[in-house]
Amino acid sequence: MSSPDPQVRAARNIATGEAGRRLTVAVTGAAGGVGAVLVERLAASEEIKQVLAFDERRGECAAAQWHVLDVRDPAIAEKLRGADVVVHLALDLGLDSDPAARTAYNVRGTQTVLTAAAAAGVHRVVLCTSAMVYGALPDNELPLSEDAELRATAEATGVGDLLEVEHLARRAPRAHPGLNVTVVRPATLVGGTDTALTRYFESPRLLVVAGSRPAWQFCHVEDLCSALEYAVLGLAEGELAVGCEGWLEQEEVEELTGIRRMELPSAVALGAAARLHRIGLTPSPAGDLAYTMYPWVVSVGRLHDAGWRPQWTNEEVLTELLEEVAGRHTVAGRRLGRKDATAAGAAGATVALLGAAAVVRRARKARRRI
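Throughout what follows, the structure given in this document is the object of discussion. (Residues numbered from 1 in each chain as written. Predicted model: local features only at pLDDT ≥ 70, side-chain atom pairs only at ≥ 80, totals over all residues. Heavy atoms only, no water.)

### Here's the deal with the overall build of the protein chain
- Scanning the protein chain from terminus to terminus reveals twelve helices and 15 strands.
- In the protein chain, the share of contacts with a sequence separation of at least 24, taken over all contacts with a separation of at least 6, comes to 79%. (Helix = DSSP H or I, 4+ residues; strand = E, 2+ residues; numbered from the N terminus. Contact = heavy atoms within 4.5 Å.)

### A short note on helix H9 (residues 266–278)
- Here H9 spans 18 Å end to end across 13 residues, near enough to the 18 Å set by a 1.5 Å rise per residue.
- Among the residues making up H9, those that are buried are Val 268, Ala 269, Gly 271, Ala 272, Ala 273 and Leu 276.
- Phi for Gly 280, located one or two positions after H9, is positive at around 85°. (Expected span 1.5 Å × (residues − 1). Buried < 20%, exposed > 50% of the residue type's maximum accessible area, 1.4 Å probe, protein only.)

### Some remarks on the nonpolar core
- Judged by nonpolar contacts, the single largest core of 41 residues is most densely connected at Phe 201, Trp 216, Phe 218 and Tyr 291.
- Contacts of Phe 201, omitting those with residues within four sequence positions, involve Leu 206, Trp 216, Phe 218, Val 253, Thr 257, Ile 259, Leu 318, Leu 321, Leu 322 and Val 325.
- One finds Leu 38, Tyr 230, Leu 240 and Val 300 within the second-largest nonpolar core, a separate group that totals 39 residues. (Core = buried A, V, L, I, M, F, W, Y, C linked by side-chain atoms within 4.5 Å.)

### Points about the packing of helix H2 (residues 33–43) against helix H7 (residues 221–232)
- Interaxial distance between H2 and H7 falls to 10 Å at its minimum, and their mutual angle equals 55°. The angle between H2 and H7 places the two elements in the oblique class. The element H2 and its partner H7 pack so that their crossing is right-handed. Here H2 contributes Val 34, Val 37, Leu 38, Arg 41 and Leu 42 to the contact with H7, which in turn contributes Val 221, Glu 222, Leu 224, Cys 225, Ser 226, Leu 228 and Glu 229.
- Taken together, the residues of the contact of H2 with H7 break down into eight nonpolar, one polar and three charged. (Axes fitted to C-alpha atoms, helices over the stretch in contact; angles between N-to-C directions. Parallel < 35°, antiparallel > 145°, perpendicular 65-115°, else oblique. Left-handed = near helix turned anticlockwise from the far one by under 90°. Nonpolar A, V, L, I, M, F, W, Y, C, P; charged D, E, K, R; others polar.)

### Some thoughts on the packing of aromatic side chains
- Using the criterion set out here, one finds six aromatic pairs in the structure.
- The interplanar angle of 55° and the centroid separation of 6.1 Å between the aromatic rings of Phe 201 and Phe 218 together place this pair among those described as tilted. Residue Phe 201 is located in the loop between helix H6 (196–199) and strand E8 (206–209), and its partner Phe 218 is located in strand E10 (residues 218–220); the two are separated by 17 residues in the primary sequence.
- Among the residues examined, Phe 201 registers a relative accessible area of 3% and is labelled buried.
- The class for Phe 218 is buried, based on a relative accessible area of 0%.
- Aromatic rings pair up to connect Tyr 200, Phe 201, Trp 216 and Phe 218 into one cluster. (Phe/Tyr/Trp six-rings, centres within 6.5 Å; stacked < 30°, edge-to-face > 60°.)

### A look at the packing of helix H4 (residues 99–119) against helix H5 (residues 159–175)
- In contact at an axis separation of 10 Å, H4 and H5 are set at 15° when each is read in the N-to-C sense. With respect to H5, the axis of H4 lies roughly parallel. As H4 packs across H5, the resulting crossing turns out to be right-handed. Contacts from Arg 102, Thr 103, Asn 106, Val 107, Thr 110, Gln 111 and Leu 114 of H4 reach H5 at Asp 161, Glu 164, Val 165, Leu 168, Arg 171 and Ala 172.
- Residues of the contact of H4 with H5, tallied by class, amount to five nonpolar, four polar and four charged.

### Observations concerning the sheet that holds strand E1 (residues 23–28)
- In space, the seven strands of this open sheet follow the order E3-E2-E1-E4-E5-E6-E11, with parallel pairing throughout. In the strand order of this sheet, the two ends are held by strand E3 (65–68) and strand E11 (239–242), each with one partner. Direction aside, the axes of adjacent strands within the sheet are offset by 20° on average.
- In the sheet, E1 pairs with strand E4 (residues 85–88) via four bridges, with the strands oriented parallel. Bridged to Ala 26 within E4 is Val 86.
- Contacting E1, strand E2 (48–55) and E4, H2 runs over the sheet at an angle of about 165° to E1.
- Sheet contacts for H4: E1, E4, strand E5 (124–128) and strand E6 (180–186); angle to E4, the most-contacted strand, approximately 180°. (Pairing = 2+ DSSP bridges.)

As structure tokens, then:
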């Protein structure tokens with residue numbers, strides 16, 4: 001599945017034929033993660049003239065022209081001169097990052113890249129956020145339209161930053177006339193990623209909140225990069241959701257993974273998650289749990305209209321995710337070391353979570369007595 005989609009190749013040929021020249025594309029966050037995959041993909045394309053790669057360290061793609069710098073450095077403007085398109089992927093969404101530092105990096109970096117791109121005469125900037133910006137809510141339609149209101153709050157890891165990036169994207173064309181901004185919003189991303197949602201599948205039991213309505217939609221990094229390529233070529237513009245076709249119900253996920261559920265009342269699960277995060281035992285705030293409770297499945301209408309199709313199914317991506325996380329052990333979002341996991345075991349990990357819930361219940365009873 002690593003070979004380029006023939007539809008993408010055909011679309012590239014059409015785009016370059018109409019434009020009459022090949023594009024120079026700059027990619028930030030190019031040394032790792034999605035950026036590294038995209039740089040390799042673009043560098044291998046005969047229709048892309050040159051790839052300018054930006055990161056705080058040099059990556060492995062020898063075909064790209066590397067610039068080692070912090071994307072918040074205004075000097076990036078001069079280095080972007082000659083680029084036709086900028087794909088901004090330098091975002092820190094790590095679970096273990098300091099929240100204040102993470103926000104400062106993400107927001108300031110995006111502001112700087114947008115301003116620098118306009119100053120350098122770049123015509124198009126492609127930003128990548130997440131379908132999480134729609135919010136995970138019990139009354140969400142299945143699937144959500146790409147034009148649906150962004151109803152997320154800042155309670156989940158990094159989502160507040162992504163909402164601010166979305167705001168900057170909408171404001172940029174007014175602040176910089178002539179600058180086209182496209183935003184790509186992937187579903188649960190899989191392929192070398194580490195998020196609260198991928199860690200959910202590292203647990204000995206799948207936590208299910210009583211009365212919730214989970215619906216799982218995945219996006220493989222290869223499909224995300226093919227969608228980003230469509231955006232680079234201007235074949236799809238505006239706000240683009242990307243992911244596998246359809247979704248999986250919780251029962252299907254449990255059958256495919258072979259991991260049994262542990263069901264808890266909403267108040268207990270959310271209360272335990274909030275307390276564990278507040279006292280520093282887990283990296284995930286309680287807001288992350290909402291994305292395992294309620295649907296945030298998206299349609300990919302605009303990309304479909306442009307001819308794009310995902311090459312991965314939800315079942316295939318989930319299978320790959322299970323292979324990636326094999327041997328890892330996580331409880332309530334906190335990854336255990338090998339010794340901890342061996343000592344705890346699946347049963348012990350479950351007891352640990354229930355114990356945390358009991359702490360919350362005891363604290364509530366104590367407050368009521370006071």
